[in-house]
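# Structural features, examined
Each chain, written out:
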Amino acid sequence: MSGLEDLYKEIILDHYRSPRHRGELDSPPAHKTEGFNPLCGDEVLLTFALEDDIIQELLISGQGCSISQASASMMSAAVQGKSVEEVRKLTRQFKAMMSIHEESIGAEDPPSEDDKPFELGDLEALKGVVKFPVRIKCATLSWNTLLTGLDELEV
Amino acid sequence: MSGLEDLYKEIILDHYRSPRHRGELDSPPAHKTEGFNPLCGDEVLLTFALEDDIIQELLISGQGCSISQASASMMSAAVQGKSVEEVRKLTRQFKAMMSIHEESIGAEDPPSEDDKPFELGDLEALKGVVKFPVRIKCATLSWNTLLTGLDELEV
Amino acid sequence: MSLPSDLKSNFPLLSQTINGHQIVYLDSAASSQKPDVVIETMNHYYRTINANVHRGAYEIAAQATEAMEQARAKLATFIGASSANEIVFTKNATESFNLIARSWGGQNLGPNDVVLISDMEHHANIVPWQILSAEKGFEVRWIPLTPDGHLDLSQLDRLLNGVKMVSVTAMSNVLGTLNPIREIADKAHSVGALMAVDGSQYVPHLPTDVVELGADLLCFTGHKMCGPTGIGVLWGRAELLDAMPPFLGGGEMILDVRRDGFTPNELPHKFEAGTPPIAEIIGLGAAVDFLDSLGMSEVRQHEIDLTNYALRVLNDRYGEEITIHGPSNASERGGVLSIQYRDVHPHDLSQVLDQRGICIRAGHHCAKPLMRELGVGATARASLYVYNDQADIDALAESLAPAGELFAR
Amino acid sequence: MSLPSDLKSNFPLLSQTINGHQIVYLDSAASSQKPDVVIETMNHYYRTINANVHRGAYEIAAQATEAMEQARAKLATFIGASSANEIVFTKNATESFNLIARSWGGQNLGPNDVVLISDMEHHANIVPWQILSAEKGFEVRWIPLTPDGHLDLSQLDRLLNGVKMVSVTAMSNVLGTLNPIREIADKAHSVGALMAVDGSQYVPHLPTDVVELGADLLCFTGHKMCGPTGIGVLWGRAELLDAMPPFLGGGEMILDVRRDGFTPNELPHKFEAGTPPIAEIIGLGAAVDFLDSLGMSEVRQHEIDLTNYALRVLNDRYGEEITIHGPSNASERGGVLSIQYRDVHPHDLSQVLDQRGICIRAGHHCAKPLMRELGVGATARASLYVYNDQADIDALAESLAPAGELFAR
Ligand SMILES: Cc1ncc(COP(=O)(O)O)c(C=O)c1O
Ligand SMILES: Cc1ncc(COP(=O)(O)O)c(C=O)c1O
């Protein structure tokens, strides 16, 4: 059993206490997607503006635990100005980092070679979450919601 | 745990090997009632002729284990020529003898005083059955079927 | 009389340490711990008389059947039922509600009918009605709450209009509220409606008498009352159960099966299809014996005392910083404390407490409509049972402050 | 390779004596005995990590969830399922069939449809269809038997006319017959019907691969495969299960509940309403590990050998006096021996054997339509499993003669 310090790293608490890119864009023109975690009642609302396949701006609102909020905040920082393809790649890598416990039967294919070199940066701080399997869904909530949003736009 | 000799008394085996009053009366005029034990598939078919509230004749057919067959045979011997009231009384007494294990919540009232003096005779041999609770239903099958038959005639 | 002070020693799990701390188990509303005697009773079953019931003539099968039926009789006595035949074993309280909805509801509910539940119901007493309502077109109506977490019965007469079934929890698993079941039942009966009661949080904690409650049907679940998982109970008045069609079909629940149809068995077997949870039934019987040996009045008194203590300690220490949902008077509630502490998210609070070996539950507690009423996504819930003591409450109280520090924005 | 010869010592019940005789347990088709490791695994759960699953953030709740989900993955591997999400836990095989009938059948069956079952089905695969058929008006059609106890498939093409679902047992619990599921499944699929399989007697005794079987759905039950009571399994292809509506409603099976309705959860939770049989699931996982450690091919070979031995010993000794129902070749059957000995009634035979510590089952074995086909009210059934040996068969053979003496007319 790992200690709390593995979970609640200072940088995570910082994102939780001072979330980045908080708010809501007008939608339309921005795209709006909601996600929720039935386990703990967390809700996230993403609004983002997409232009030429680039995320021009993404804002976050909603409510939830420190992990889901911090992960959303970090994500918001990481995806600004990135192309959809880059965002999908980043998401795959982030989820790979989270999914140590998903390697049971029927798990998806491991990330392919070309996914490797990407830099997770601050997001690495969330690695400790995998030691607390119950919290993995908190950490991935905003990411899955963003994927849903992109799928809705068929990009 | 009791030995088999408590269950399969000689007189029981005798009734089983040479059942009394076997057969079927024409019905009508006789009354016909069927009973079965879902536990073991035993079936009993009673036909009996009632006149002036007296069972003039009762015949038994069907198939089943030694206990159900012997009990039916003994019953057939015991009820010939008896009044309905006497038969009901005998049945109550027989079931009281059988139902040591039914004294849980919701059991019926104990037999009342005036039921006491009746003679069970041969039927006493079936007393050993109560030590084998699974077999009680075998022993009571024909009796319950007779009660049903009497109820059908509303006597 | 009060509960023995060394009761914890009967519960092997409570001697565990978690992260170096003696475990403080405060999640009995989700599932209770099991005393040694319950675990041992099931072991003994598996080691000495394990066999399928009701159909075997041999010795151990007869003993297994006898042990199972004795447990049924114990359950009947425990809740004041008039016959063991009124006790139907299910897999959990949820199945019990589905049985009622599908069997009774399937036969009796149509487009112009209403089932009246409440805003504080567990999903087990909501979703089965919603599933059936989508098929049959009846209305599911909701009794609202008062601001202090009671049922608002001021409009009950109006709400009862057109109602055929009232189905309400005797105690909320989130607020702890004890509801006036008898009063509701009497009103329900006066308009010809039936009264079903969710006893999942009530039967384990208070002396229960179905006649005094005025209930027609009662659902509860084994794992919250010192019993094993995999076992639930439906009690119903015999005439009512007799008139209801079977629910699940299969072995045991039939008298005869022909190609063209089947004849259902008598109560209680009619509702018990397939091999029953034999070990679990026998284990639940042992749990009932255990609770009986403590005395349910003593259990209730213990929980009132401990709830009072918890309300006092937490409010004294944290004042404005803490909100405890539900009635403020321990006599009107059970030992279920849904806590909001500063702006610490329940999930984070529970994580920090876990680090100190304290187990509480964070989430919606399968009561999402209630969560929406309370205006929260989740609560942090500490819940009490026979083995808890003041030291457990003290540990809880001690640990809130550091959690507050960690997450202060 | 064969099974370890001291296997009995793993099963505590088998060291019992009954009436002064070492117990000879020949009723595994009704319920199997449990190895120590299964009993101990459940004990360990209750003593160290007992907590409600899926909703708790604290350590022991996470461990309980993990242990339960590991068991699910083990079950998936055991039957060759492609994902753990295809494993739905129920309370027994009977509930699994009711789930299929109510959920799939409720959505897909109407007046002109047909469900094809067989004359050798257990009530669990008959009555759920009859209940639904009374509501929906579809036909339940029966595959007849050949005189030697096989399915008579000569008219299968004709029988499949209008059929949407074929639901047949892989092995008869009365005759022991192993049915050609793959052949039936291929034909079913060729007319667009689904194939559901009753694996209650098959999965515990033979290597099982749902893909090789060609099944779309498979039902089996824990207590017949060294596992505890109170736990059953439904396997189904993910796309199929995904398209089916929920069965029981309540906690765990929802993503959201609002006043106006609910959103079902994902597989497998969609079909697991309420607190699951947690200890039982974990215990079943241990049973699967135990069977895996023996090797299912070895289990099957052991039973072929022992069935051959039993058929030879009984026929040699009793000749004309004995009838053993079902196929005479052990490779076409499992170790289930329904015996008719002279005119001794099955119930009496079982009683006499019990006196010598021998446990067999007398009755209709929840297969009344089959009993009618066989023209008997009941059979005396001896059934084998991993722990049985030739000495058990010898004891059985020894004891028939004295029973014959006692009841000779
Ligand atoms: C072939 C068959 N199907 C189904 C069942 C039902 O199993 P359960 O009673 O555990 O639901 C049984 C055993 O009773 C069986 O032998
Ligand atoms: C009030 C209430 N009703 C019903 C249930 C459902 O019980 P189970 O999950 O055992 O079916 C619970 C517990 O989860 C509960 O607290």
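Read on for a plain summary of the structure.

## Considerations on the packing of helix H1 (residues 36-49) of chain D against helix H2 (residues 59-78) of chain D
Residues and elements named next belong to chain D. In contact at an axis separation of 10 Å, H1 and H2 are set at 160° when each is read in the N-to-C sense. As judged from the angle between their axes, H1 and H2 are roughly antiparallel. Residues Tyr45, Thr48 and Ile49 of H1 form the contact with H2, whose own contacting residues are Ile60, Gln63, Ala64 and Ala67. Split into classes, the residues belonging to the contact of H1 with H2 amount to five nonpolar, two polar and no charged.

## Structural notes on the site of ligand 2
Near ligand 2 you find 15 residues, and of these C:Thr94, C:Asp198, C:Thr221, C:Lys224 and D:Thr275 are the closest. Between ligand 2 and the protein, one listed contact pairs an oxygen atom with a side-chain N or O atom of C:Thr94 at 2.6 Å. One nitrogen or oxygen atom from the side chain of C:His223 is found 2.7 Å from an oxygen atom belonging to ligand 2. Isolated, ligand 2 exposes 390 Å² of accessible area, and the fraction of that covered by the protein chains is 98%. A class-by-class count of the residues in the shell around ligand 2 yields two nonpolar, eleven polar and two charged.

## Here we look at the packing of aromatic side chains
This model, assessed by the stated rule, comprises 20 aromatic pairs over all chains. With 4.5 Å between their ring centres and 20° between their planes, A:Phe94 and A:Trp143 make a pair best called stacked. Of this pair, A:Phe94 sits in helix H4 (residues 84-98) while A:Trp143 sits in helix H5 (residues 133-152), and the two are 49 residues apart along the sequence. The exposure class assigned to A:Phe94 is buried, which follows from its relative accessible area of 0%. Judged by centre distance (5.0 Å) and plane angle (70°), the ring pair of C:Tyr318 and C:Tyr341 falls under edge-to-face. Separated by 23 residues along the polypeptide, C:Tyr318 in helix H10 (residues 296-318) and C:Tyr341 in strand E14 (residues 336-341) bring together distant segments of the chain. Here C:Tyr318 matches C:Tyr341 in class, with each residue buried. Cation over ring: D:Arg259 sits above C:Trp142, and NZ or CZ is 5.7 Å from the ring centre.

## Examining the interface of chain D and chain C
The partner chain C presents 90 residues to the 90 residues of chain D that form the contact. Surface buried jointly by chain D and chain C totals about 7,100 Å² across both partners, of which 54% is contributed by carbon and sulfur atoms. Looking only at chain D, the three residues that lose the most surface to chain C are D:Arg47, D:Tyr58 and D:Arg259, adding up to 11% of its buried area. Where chain D meets chain C, there are 14 salt bridges. Between D:Arg259 and C:Asp119 there is a salt bridge, with its nearest N and O atoms 2.8 Å apart. The interface formed by chain D and chain C holds 53 residue pairs in polar contact (both at pLDDT 80 or more) in total. Element by element, the count of residues in the side of chain D that touches chain C is highest for H1(D), at nine residues. The residue makeup of the side of chain D that touches chain C, split by class, is 40 nonpolar, 28 polar and 22 charged.

## Topic: unusual backbone geometry
Look at the link from A:Ser27 to A:Pro28: it is a cis peptide, with omega at -15°. By the element assignment, A:Pro28 lies in the loop between helix H2 (10-17) and strand E1 (31-37). In this chain, A:Pro28 is followed by A:Pro29 through a cis amide linkage whose omega measures 15°. Structurally, A:Pro29 can be placed in the loop between H2 and E1. Phi angles above zero are rare outside glycine, and A:Asp53 is one such case at about 65°. For A:Asp53, a relative accessible area of 44% gives the class partly exposed. Even without being glycine, D:Cys366 reaches a positive phi, approximately 55°. Tracing the backbone shows D:Cys366 in the loop between strand E16 (361-363) and helix H12 (368-374).

Thresholds applied
- Residues numbered from 1 in each chain as written.
- Chains lettered and ligands numbered in written order.
- Predicted model: local features only at pLDDT ≥ 70, side-chain atom pairs only at ≥ 80, totals over all residues.
- Heavy atoms only, no water.
- Axes fitted to C-alpha atoms, helices over the stretch in contact; angles between N-to-C directions.
- Helix = DSSP H or I, 4+ residues; strand = E, 2+ residues; numbered from the N terminus.
- Parallel < 35°, antiparallel > 145°, perpendicular 65-115°, else oblique.
- Contact = heavy atoms within 4.5 Å.
- Nonpolar A, V, L, I, M, F, W, Y, C, P; charged D, E, K, R; others polar.
- Near = heavy atom within 4 Å.
- Polar contact = N/O pair within 3.5 Å; in protein donor to acceptor, adjacent residues only side chain to side chain.
- Areas by Shrake-Rupley, 256 points an atom, 1.4 Å probe, with all protein chains shown as cover.
- Phe/Tyr/Trp six-rings, centres within 6.5 Å; stacked < 30°, edge-to-face > 60°.
- Buried < 20%, exposed > 50% of the residue type's maximum accessible area, 1.4 Å probe, protein only.
- Lys NZ or Arg CZ within 6 Å of the ring centre and 35° of its normal.
- Buried area = accessible area lost by both parts, 1.4 Å probe.
- Salt bridge = Lys/Arg side-chain N within 4 Å of Asp/Glu carboxyl O.

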